[in-house]
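Residue strings, one per chain:
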Amino acid sequence: MRLPAWPLYNIVSVFGRKISPSLYAFPLVSMSIMKSVGSQSCAENLSGSAQDDHCNAMKATNQGESSDSKGTAMHLSKMHLIYGTAWKKDDTARLVADAIRSGFRFIDTACQPKHYNEPGVGQGWSEAAAELGLTRQDFYLQTKFTSVSGQDPKNIPYDRTKPIEEQVKESLEVSLKNLRTDYLDALVLHGPYPSMTSTLKAWRTMESFVEQGIVRLIGVSNMYDLAELEELYEKATIKPSILQNRFYAESDFDTEIRAFCKENDVLYQSFWTLTANRDALATTEVRKLAKTKGLSPQTLMYAFMMTMGHTPLDGTTNLKHMQEDIALESRIKGGEKIFASEDELRKMAEVLGMPDGGMFW
Ligand SMILES: NC(=O)c1ccc[n+]([C@@H]2O[C@H](COP(=O)([O-])OP(=O)(O)OC[C@H]3O[C@@H](n4cnc5c(N)ncnc54)[C@H](OP(=O)(O)O)[C@@H]3O)[C@@H](O)[C@H]2O)c1
């Protein structure tokens, strides 16, 4: 496979070690990813989460603060939402562009045509970027490798007869083309295989992409067994930086898994954050609390997750919701503590039904 070369300025000291997001520096999430210090993308008219973080990081780096030994690390030291692109079909490009116009800069997708229109994501971000005068460097693009069992058998974006390693490589090539990019900010294994041997085959291939500088961070999704996560973490040469899981009562809200993530600098990305917790969000208690903060129950839920140091995926198709969500993100980035006290956080955790009244505060 011929893999695209990274621009020289992106070749940084990622080889043979984990790119470790220094997360959970409560109350702010601090995420290190490699970025171009030389990029001229901090024009005054640009706004939005990744852009602001990027500009701040560049300023800090230029002042000699917050840089790694080569002065090339970007520190995304703010909490953020990730725009999720599942199930948007032919509306994907339009919705991604709307999300970007609203201020989203972090985007999640997958090389899984059954649920995601990855080419639409590529079209959406690149057209919105051109319109707003943004560059690739202003975005965080994350996609996933999905194994054969998660694909529509009639539409698998790689050769299913080849070994797992080759499937992962072909999938990456397709993603880069679909997303109109020569690197990914993150590549996530959509779900573990039934055996750790197979999971590690995919993982080792993903590690090789980091070593080649094509992918910056690697992670895993749909891993709800702590022992399995621990084993992957232990056996990985490049450790997982991301765990993307459903946040819901059936898994005890991943309480132990989230503790492991916290201890090991693994960014916990949540999905089903609103959908799985609809009943709790409809309670009078949550509605009242949200109202006192000038928020909807949904944006309060996102604030709750971000306060715990997690990153919610947000797949809204509604422009008003996009704007409300970004307004919340801006308030948090502006330093506002949405939850005034530990008691308020505990109350929210209790209404959700989280064990031990929640954690991380
Ligand atoms: N790794 C995996 O296996 C996996 C699985 C599922 C999803 N995901 C990722 O997670 C993303 C999000 O999916 P999700 O299942 O969490 O649900 P979601 O697609 O974000 O759905 C949230 C629901 O809440 C509603 N909503 C109401 N107020 C909202 C607000 N202020 N902001 C956002 N939504 C609001 C939305 O309706 P409106 O559209 O009307 O706003 C929507 O019906 C997906 O797009 C995908 O990227 C990953």
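Above: the structure in question.
Figured I'd write up the structure that's included with this text. (Residues numbered from 1 in each chain as written. Predicted model: local features only at pLDDT ≥ 70, side-chain atom pairs only at ≥ 80, totals over all residues.)

## Description of the nonpolar core
Point 1. Counting residues in each nonpolar core, the largest one holds 82 residues, and the members touching the most others are Val96, Ile107, Leu187, Met206 and Val215.
Point 2. Looking at this core element by element, the count peaks at seven residues for helix H10 (residues 297–307).
Point 3. Once residues within four sequence positions are removed from consideration, Ile107 is found in contact with Ile82, Tyr83, Thr85, Val96, Val121, Trp125, Phe139, Tyr140, Leu141 and Gln142. (Core = buried A, V, L, I, M, F, W, Y, C linked by C-beta atoms within 7 Å. Buried ≥ 20, exposed ≤ 12 C-beta atoms within 10 Å, placed from the backbone. Helix = DSSP H or I, 4+ residues; strand = E, 2+ residues; numbered from the N terminus. Contact = placed C-beta atoms within 7 Å.)

## A look at the site of the ligand
Point 1. Neighbouring the ligand are 24 residues; Gly84, Phe271, Leu313, Gly315 and Thr316 lie closest to it.
Point 2. For the shell around the ligand, the secondary-structure elements that each account for two or more residues are H10, strand S10 (311–314) and helix H11 (319–333).
Point 3. Considering each element in turn, the shell around the ligand owes the most residues, three residues, to H11.
Point 4. Tallied by class, residues from the shell around the ligand come to five nonpolar, 15 polar and four charged. (Near = placed C-beta within 6 Å. Nonpolar A, V, L, I, M, F, W, Y, C, P; charged D, E, K, R; others polar.)

## Regarding helix H5 (residues 196–211)
Point 1. The end-to-end C-alpha separation of H5 is 22 Å, in line with the 22 Å expected for 16 residues at 1.5 Å each.
Point 2. Of the residues making up H5, those classed as buried are Thr199, Ala202, Trp203, Thr205, Met206, Phe209 and Val210. Looking straight down H5, one finds that the buried residues subtend no more than 160° of arc, so they occupy a single side.
Point 3. Its buried side turned inward, H5 meets strand S5 (140–145), helix H4 (164–178), strand S6 (184–189), strand S7 (215–221) and helix H6 (226–235).
Point 4. Trailing H5 by a residue or two, Gly213 shows a phi angle of about 80°, which is positive. (Expected span 1.5 Å × (residues − 1). Arc of directions from axis to C-beta.)

## Some remarks on the pairing of strand S9 (residues 267–271)
Point 1. Along S9, five of the five residues are buried, which leaves the element largely enclosed by surrounding structure.
Point 2. Both faces of S9 are covered, namely the face carrying Leu267, Gln269 and Phe271 and the face carrying Tyr268 and Ser270.
Point 3. Where strand S8 (residues 242–246) lies against S9, five bridges are found, and the strand directions are parallel. Each residue of the ladder has a partner; that of Asn245, found in S9, is Ser270. (Pairing = 2+ DSSP bridges.)

## Structural notes on the sheet that holds S7
Point 1. The strand order around the closed barrel built from eight strands is S3-S4-S5-S6-S7-S8-S9-S10, with neighbouring strands paired in parallel fashion. Looking at each pair of strands side by side, their axes are set apart by 30° on average, direction ignored.
Point 2. Sheet topology places S9 next to S10; two bridges connect them, and they run parallel. Following the sheet pairing, Gln269 is matched in S10 by Thr311. (Axes fitted to C-alpha atoms, helices over the stretch in contact; angles between N-to-C directions.)

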